[in-house]
Amino acid sequence: LTLQGGARVTVRPSGTEPKTKLYVEVPGLIPDSPMDGEALGRERERCESLARRLGRDSARLMLERVGIHLQPAATALSGMVGIEHKQHFGDVFLPALAQRLQGSPDSAAPSGESAGPSDERELSDLSEFVDSQLHDYGREPRALVSAGVACWLAQTELTSSARARVERLFEL
């Protein structure tokens, strides 16, 4: 597909795996004069941001055509995560994580103080839960889903201590 402005989205089957590959190309602006490093950096970020958005939107539209609807945070997961795990992430894992976080006492140490034994126990319990839920996603599952967790955190109201535990677990 060639889009207005010259961006292109190419979809093809993988030759070696049971998956569909999606390629997105976004042309940069052609400057009238040489660009300095800062301007070039801004243009590159604009192109990369547009390419990411076009890729996510194209993938979402293709999946919806075959009856698969993903939660927004699930669309941010690594391409190495299979569709069944993306569905699990959005439909099962995130609601269960939210429930666990809302059900736990807000026991964060005040600012500047170190976490106490109960805080570490809570973090350890949450870590075990996360690992049990994500273990089938692939090698280093927390890294594979960290962008989705960040997306979810941006849209979810949590206590500051719950947010801090999630950020610590997923190294955000």
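Residues numbered from 1 in each chain as written. Predicted model: local features only at pLDDT ≥ 70, side-chain atom pairs only at ≥ 80, totals over all residues. Heavy atoms only, no water.

Colleague: Describe the nonpolar core, naming the residues involved and giving the relevant values.
Modeller: Ranked by size, the top nonpolar core spans 28 residues in total, and within it Phe89, Phe93, Leu97, Trp152 and Phe170 carry the most contacts. Elements with a contribution of two residues or more to this core: helix 2 (83-103), helix 3 (117-134), helix 4 (141-155) and helix 5 (160-169). Excluding residues within four positions of it along the chain, Leu97 makes contact with Leu126, Phe129, Val130 and Trp152. (Core = buried A, V, L, I, M, F, W, Y, C linked by side-chain atoms within 4.5 Å. Buried < 20%, exposed > 50% of the residue type's maximum accessible area, 1.4 Å probe, protein only. Helix = DSSP H or I, 4+ residues; strand = E, 2+ residues; numbered from the N terminus. Contact = heavy atoms within 4.5 Å.)

Colleague: If you had to explain the packing of aromatic side chains to someone new, which residues and values would you point to?
Modeller: Summed over all chains, the structure comprises two aromatic pairs. Between Phe93 and Phe129 the ring centres are 6.0 Å apart and the planes differ by 15°, which places this aromatic pair in the stacked class. A residue pair is termed long-range when its members are at least 10 positions apart, and Phe93 in helix 2 and Phe129 in helix 3 qualify at 36 residues. Summarising the burial analysis for this pair, Phe93 and Phe129 share the class buried. A network of ring pairs unites the aromatic residues Phe89, Phe93 and Phe129 as a single cluster. (Phe/Tyr/Trp six-rings, centres within 6.5 Å; stacked < 30°, edge-to-face > 60°.)

Colleague: Residues and numbers for the environment of Lys21, please.
Modeller: Structurally, the position occupied by Lys21 is in strand 2 (residues 20-25). The sequence separation of Lys21 and Arg163 amounts to 142 residues, and the corresponding C-alpha distance is 34 Å.

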